[in-house]
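# Residue-level structural notes
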Amino acid sequence: MSEQKRITDIGPPKYDIAWTPFIKENYGKWLYHEELAPGELLHVSETGAKLWTIRIAHTRIMSTLAIRDLAAIADEFCDGMLRFTTRNNVEFMVSDESKIQPLKDKLKADGFVIGGTGPGITNIVHTQGWIHCHTPAIDASGIVKAVMDELFEYFTEKRLPNKLRISLACCLNMCGAVHCSDVSILGVHRKPPLIEHDRLINVCEIPTTIASCPTAAIRPYNFEDEAGEKVKSVQVNNERCMFCGNCYTMCPAMPLADPEGDGVALWVGGKISNARSMPKFSKLAIPFLPNNPPRWPEVVDEVKNIVEVYAAGARPYERMGEWIDRIGWEEFFSLTGIEFTHFHIDDYRFAMTTWRSTTQFKFTE
Ligand code: SF4
Ligand code: SF4
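The paragraphs below set out a description of the structure included in this document. As the structure is a computational prediction, the values presented were derived from the model and not from experiment. (Residues numbered from 1 in each chain as written. Chains lettered and ligands numbered in written order. Predicted model: local features only at pLDDT ≥ 70, side-chain atom pairs only at ≥ 80, totals over all residues. Heavy atoms only, no water.)

## Section: the site of ligand 1
Residues in contact with ligand 1, as listed here, are Thr127, Gln128, Cys133, Thr135, Pro136, Cys170, Cys171, Asn173, Met174 and Cys175. Of the residues that constitute the shell around ligand 1, the class distribution is 6 nonpolar, 4 polar and no charged. (Near = heavy atom within 4 Å. Nonpolar A, V, L, I, M, F, W, Y, C, P; charged D, E, K, R; others polar.)

In structure tokens:
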């Protein structure tokens, strides 16, 4: 069969197209890797070849000037190649040991921070927030900056029982990894959309707007306004609305952002790894915290509290979810001082506990 060329940009690119030549040569030959210090990894191949990685913190949204700075460092030390991780870290890889110290010195001199590997906190993966998306309940980069400023030492030096992944999604459409992170910061809307009847028919298609609602809460609504003009619009059944914002994506005359209604929910205990125990979905810890820019103190305090209680109580290698499973949720709420409310009781009929979340199988005869 002749090889077909990709004709769309849908889906991720094939994993090996961005490999460096050194990684390509050693594909399938890696023997082991170790963390030499926070932010410094060593991979050893069966051929004896070694690859050192220096990881620095960076931002998800960066200027072209910042990218040029990074590229210049990669040109000087790494044959022009670098790697962006999924959590917005930047990794510089060298196969020549003599380049490591000069590379680290250059990074430090330029103000970059080395860290983010092993049993600590790496960069926070997050979504677009106010800078780019139209449906956020909260900002993304701003909260991430405030939280990470407080937890900075866990990136550079302080160690935890195991790695701790934090993520943020600014609405429950969830372009982040909040479903499966140790601590997840999720923007939530709590009010149904407003309907701007006077302009809806001019900026929206009514059938597609109705079809966009996953709970069938929107229906056509025709009425006469005060001037006796016939108006074609839609109505929302508030009882059915789950504040997802899908309708606003289809119809800009249905905004649902609200300074008081919108806020932050914190979720805990998720993980993607299937080491030792199955992958876990994050579960609700705090249903609502105020959306309080520019430094979101309530969110920062609660995240820090959860991290510190975990750090003090978990056994070595226990992830957040494994620790909670061992001590029980009752003890988690008691140790963290978080109030248990009726919002924590999951009555959704497709509850996440019933979803298959692992690649681990057990074959029986
Ligand atoms: Fe937009 Fe929601 Fe994604 Fe944030 S999580 S970028 S608000 S769709
Ligand atoms: Fe439907 Fe979501 Fe719009 Fe509510 S916010 S009306 S559930 S699409």
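Picking up after the structure, the text goes on.
## Let's talk about the nonpolar core
Membership of the largest hydrophobic core comes to 41 residues, with the highest contact counts inside it found for Ile185, Val299 and Val303. Filtering out sequence-adjacent residues up to four positions away, Ile185 remains in contact with Ile143, Val147, Ile166, Ser167, Leu168, Ala169, Val178, Val264, Ala265, Leu266, Val299 and Val303. Formed by 18 residues, the second largest nonpolar core is a distinct cluster that contains Ile54, Leu70, Ile73 and Phe92. (Core = buried A, V, L, I, M, F, W, Y, C linked by side-chain atoms within 4.5 Å. Buried < 20%, exposed > 50% of the residue type's maximum accessible area, 1.4 Å probe, protein only. Contact = heavy atoms within 4.5 Å.)

## Some details on the sheet that holds strand 4 (residues 83-84)
The strand order across the open sheet formed by 5 strands is 1-2-3-5-4, and the pairing between neighbours is antiparallel. Either end of the sheet is taken by a strand with one partner, and the two such strands are strand 1 (30-37) and strand 4. Sheet analysis places strand 4 next to strand 5 (residues 89-94), joined by 2 bridges and oriented antiparallel. Within strand 5, the residue paired with Arg83 across the bridge is Glu91. (Pairing = 2+ DSSP bridges. Helix = DSSP H or I, 4+ residues; strand = E, 2+ residues; numbered from the N terminus.)

## Thoughts on the environment of Asn123
Along the chain, Asn123 turns up in the loop between helix 3 (100-109) and helix 4 (141-150). Separated by 37 residues in sequence, Asn123 and Thr86 have C-alpha atoms that sit 9.3 Å apart. Leaving out residues up to four positions away in the same chain, Asn123 has contacts with Ala57, His58, Arg87, Asn88, Asn89, Phe155 and Ile166. Here Asn88 takes part through its backbone oxygen, which lies 3.1 Å from a polar atom of the side chain of Asn123. At 3.4 Å, the side chain of Asn123 forms a polar contact with the side chain of Asn89. (Polar contact = N/O pair within 3.5 Å; in protein donor to acceptor, adjacent residues only side chain to side chain.)

## As for the pairing of strand 2 (residues 40-45)
Judged by how many residues are buried, strand 2 sits mostly within the fold: 5 of 6 residues are covered. Pairing analysis gives 6 bridges linking strand 1 to strand 2, with the strands arranged antiparallel. Across the sheet, the residue bridging to His33 is His43, located in strand 2. Counting the residues in the hairpin turn of strand 1 and strand 2 gives 2 residues, including Gly39, whose phi is positive at 90°. Summarising the sheet, strand 2 and strand 3 (residues 50-57) pair through 5 bridges and their orientation is antiparallel. If you follow Glu40 over to strand 3, its bridge partner there is Ile54. Between the end of strand 2 and the start of strand 3, which pair antiparallel, lie 4 residues, with Gly48 showing a positive phi angle near 95°.

## Considerations on the site of ligand 2
In the vicinity of ligand 2, the contacting residues are Cys213, Pro214, Thr215, Ile218, Val236, Cys241, Met242, Phe243, Cys244, Gly245, Asn246 and Cys247. Classifying every residue of the shell around ligand 2 by side-chain character gives 9 nonpolar, 3 polar and no charged.

## Some details on the packing of aromatic side chains
A ring pair, where both rings are aromatic, is described by two values, the distance of the centres and the angle of the planes. The tally for this structure, following the rule as stated, stands at 11 aromatic pairs. Here the aromatic rings of Phe22 and Trp30 are separated by 6.4 Å at their centres, their planes lie at 45°, and the arrangement is tilted. Classification of Phe22 by relative accessible area gives buried; the value is 18%. Each residue in the set Tyr310, Trp323, Trp329, Phe332, Phe333 and Phe340 is aromatic and connected to the rest through ring pairs, giving one cluster. The ring of Phe288 carries the charged tip of Arg190 above its face, separated from the ring centre by 3.5 Å. (Phe/Tyr/Trp six-rings, centres within 6.5 Å; stacked < 30°, edge-to-face > 60°. Lys NZ or Arg CZ within 6 Å of the ring centre and 35° of its normal.)

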